[in-house]
Amino acid sequence: MATDTQLDLWEVFIQSKSGLPYIHAGSIHASDNKMAIQNARDIYTRRGEGTSIWVLPSKHIVASNPDDNDMLFDPSNDKVYRHPTFYVMPEGAKNI
Amino acid sequence: MHNEHSDTHFQSRIDNGEHIESKDYMPEGYRKHLIRQISQHAHSEVIGMQPEGNWITRAPSLRAKQILLAKIQDEGGHGLYLYSAAETLGISRVELIENLQSGKAKYSSIFNYPALNWADIGAIGWLVDGAAIVNQVSLQRTSYGPYSRAMVRICKEESFHQRQGYEIMTKMMRGTKDQQAMAQDAMNRWWWPSLMMFGPHDTDSPHSSDAVKWKIKRETNDELRQKFIDKTIPQAELIGLIIPDNNFSLDEKTGHYKISPINWDEFYRVIAGHGPCNKQRVDHHIKFHEEGAWIREAAVAYKQKHVKKELETA
Amino acid sequence: MTTKDATYTYTIRLGDDALILGHRLSELCSRGPILEEDLALTNVALDMIGRAQALLKYAADIEGKGKTDDDIAYRRAEINYYNHLLIEQPNADFAHTIARQLFVSVFEFLFYTELEKSRDETLAAIASKTIKEIKYHMQHAIDWTLRLGDGTSESHNRMQTAVNDLWMYTGELFEMDEVDAQLMRDGIAVDLIPIKAQWHNDIKTVLSKATLLMPEDTYMQTGSKKGIHTENLGHILSEMQYLQRAYPDAVW
């Protein structure tokens, strides 16, 4: 005897135009892959917001822990040499 | 060295205008408040599908029918965005639905009023969605990330709803005597309940101060109610609708309208469950939820069989 | 009969199918088994009403008496509606809704694919636009047929019952009369004979995959081409036409 549920939670990512990144739009409930795509389409693309949809069960998302933010993200803050503006170019240099 | 898990650090993030995301530390009170507020909003959208859904099959033109269908789809969609936001706080949709059906969770009292004639569909779009917009625009800046993003999405979609309603009222006021009478009748019944949508006066509102401190709520009930009144009265007067209030007036100095006292007895009576449609709305929700159980079970069973089949052939 | 008169009737038939099915699906609003499915069904209803509007507007144009799409939709008597009997059957339960969707959308997919080749440019254009939405409706119906047929024993039984109940209305989908004959000569209408065979094949495939039995062929109910309906249509129309009938001078 199956227990009644609201099916599974899935996260939805929409690509508005080809070449652009997939952006998280929100979540939906569905049981199988086909239903997830259709529900994502019905809920998140009614106004032509997308040309491509990714869905995945929420339980498969791995998220970084905010407690680790300083370890994960602060070290990159002081590596300014990764940015082009750090470098001094001679005047008149082109295409660089 | 601050403790990232402290309420002080949390409050300073809020004060700095930062957004809180689902995995961030948050005080239990903040989480509970949000679950209550977001789910109440979600339930309102879903329950709101009932009075409006009541008129789709009787919509008097093909255009009106399509617009109403699209509007109700949006309402359902908004409910979904908000259920999604609530679920990021660690509550399941099963539990959210149980709370709605048991009466533990509330929904906006406005939907405990019946949609009696076609003009009610106009009044709901113009006044009820109009009031919701005032509230929702403000909520776009709410501190909780998933809620704020849902509100931005909702606000984009909401403005056609108000126009749909106002267009219906306008057409009817420019129509036959019968249509005008229906429109005025709808106005008479929906005006005061719409004002009550903003909740009790600031002085009487128990949850308000935390909500403001935590930037969940960005403006007070009275501030939002005044905004709504000021924009709506001129809209009513433009199309010849009479405000069902013998004593309202425009204060020339402030530019704000003053209205008669709101009948809070009615508000509390409806919230307590004695509105015209309270029982009907929840009974309807329960009935179709129960009738839908075999379908949801079938979907799960089918999925399990096919996952099993995939594993067998792997 | 003239091509013009035949095209008028042909178009009304298509428009009425969309109009009445849109009505049946609209009844399901706020009654879905899960919120997402509520939206899915309303979406199909919306597509139907849009299609009805396009077709009935074209019919009004053909008639040339200055009527609007709404006049045609709202101001006829039961005997002047030509939707198929299958379309007006009630939403007895979700299985009946899905079975009806399955039978209708597979038919419409095959039909409108052919109608795209019609010599009547307007019908061809409407068909072209319609195919896209029908593909979606059909996929939705097939997927749910599989879930219900091959789900639990309760869903299987309900789906089998629904398929059995509605079977007697499916034959009418393939009926042709002098209107079809005239328009086939004109290169406007679709020949339903090959469609019938294909439809049978497609339905058999889906039902079998869903572990459902295809019903034995039986006496097929008929009458809609003459405006003779089941008792359902009268109730549908009293609800749909109410405001237009009660306030005949009003503009909405």
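Residues numbered from 1 in each chain as written. Chains lettered and ligands numbered in written order. Predicted model: local features only at pLDDT ≥ 70, side-chain atom pairs only at ≥ 80, totals over all residues. Heavy atoms only, no water.

Draft legend 1. Inspection of the interface of chain C and chain B at higher detail. The interface is formed by 48 residues belonging to chain C together with 46 residues belonging to chain B. With both chains or domains summed, chain C and chain B bury close to 4100 Å², and 69% of this area falls on carbon and sulfur atoms. On the surface where chain C and chain B come into contact, there are 2 salt bridges. The salt bridge involving Asp150(C) is made with Lys305(B); its shortest N-O contact spans 3.0 Å. Our count for the contact surface shared by chain C and chain B stands at 14 residue pairs in polar contact (both at pLDDT 80 or more). Counting residues per element, the ones that place at least two in the side of chain C that touches chain B are helix H1 (3-26), helix H2 (35-63), helix H3 (69-74), helix H4 (94-115), helix H5 (121-149), helix H6 (153-167) and helix H9 (231-246) of chain C. (Contact = heavy atoms within 4.5 Å. Buried area = accessible area lost by both parts, 1.4 Å probe. Salt bridge = Lys/Arg side-chain N within 4 Å of Asp/Glu carboxyl O. Polar contact = N/O pair within 3.5 Å; in protein donor to acceptor, adjacent residues only side chain to side chain. Helix = DSSP H or I, 4+ residues; strand = E, 2+ residues; numbered from the N terminus.)

Draft legend 2. Just the sheet that holds strand S3 (residues 52-57) of chain A, in detail. All names here are of chain A. Taken in spatial order, the 3 strands make up an open sheet running S2-S1-S3, and their pairing is antiparallel. With one partner strand each, in any of the chains shown, strand S2 (22-30) and S3 form the two edges of the open sheet. On average, each strand axis in the sheet is tilted by 25 degrees relative to the strand beside it, whichever way the strands run. Two strands pair when backbone bridges link them, and strand S1 (residues 8-15) and S3 are joined in this way by 6 bridges, in the antiparallel orientation. Its bridge partner being in S3, Glu11 is matched across the sheet by Leu56. (Pairing = 2+ DSSP bridges. Axes fitted to C-alpha atoms, helices over the stretch in contact; angles between N-to-C directions.)

Draft legend 3. The arrangement of the interface of chain A and chain B in detail. Contact residues are listed per partner, giving 23 residues for chain A and 25 residues for chain B. For the pair chain A and chain B, the summed buried area comes to about 2200 Å², and 50% of that belongs to carbon and sulfur atoms. The largest per-residue losses of area from chain A upon contact with chain B belong to Asp4(A), Gln6(A) and Arg46(A), which jointly make up 26% of the total buried on that side. Where chain A packs against chain B, one counts 6 salt bridges. The partner of Arg47(A) in a salt bridge is Glu157(B), with the nearest N and O atoms 3.7 Å apart. Across the contact surface, chain A and chain B share 11 residue pairs in polar contact (both at pLDDT 80 or more). Contributing elements (two or more residues each) for the side of chain A that touches chain B: S1, S2 and helix H1 (33-44) of chain A. Split into classes, the residues belonging to the side of chain A that touches chain B amount to 9 nonpolar, 7 polar and 7 charged. (Nonpolar A, V, L, I, M, F, W, Y, C, P; charged D, E, K, R; others polar.)

Draft legend 4. Broad picture of the nonpolar core. Counting 190 residues, the largest nonpolar core has Tyr30(B), Trp118(B), Tyr10(C), Phe111(C) and Leu148(C) as the members making the most contacts within it. Looking at this core, the element that brings in the most residues is H2(C), giving 15 residues. In this view, Tyr10(C) contacts Phe111(C), Leu115(C), Leu123(C), Val179(C), Asp180(C), Leu183(C), Ala189(C) and Val190(C); residues no more than four positions away in its chain are not counted. (Core = buried A, V, L, I, M, F, W, Y, C linked by side-chain atoms within 4.5 Å. Buried < 20%, exposed > 50% of the residue type's maximum accessible area, 1.4 Å probe, protein only.)

Draft legend 5. Here's a closer look at the layout of surface pockets. Computed from the structure, the second largest pocket encloses a volume of approximately 1200 Å³. Every residue lining the second largest pocket is counted, 36 residues in all, and those nearest its centre are Glu11(A), His24(A), Ala25(A), Gly26(A) and Arg149(B). Elements with a minimum of two residues in the lining of the second largest pocket: S1 and S2 of chain A together with helix H3 (62-87) and helix H6 (145-173) of chain B. In terms of residue count, H6(B) provides more of the lining of the second largest pocket than any other element does, 7 residues in total. Residue classes in the lining of the second largest pocket are distributed as 16 nonpolar, 9 polar and 11 charged. (1 Å grid on protein atoms, 1.4 Å probe; cavity = no way out; pocket = protein on both sides within 12 Å on 5 of 7 lines; lining within 4 Å. Points joined across faces, edges and corners; volume = space filled by probe spheres on them.)

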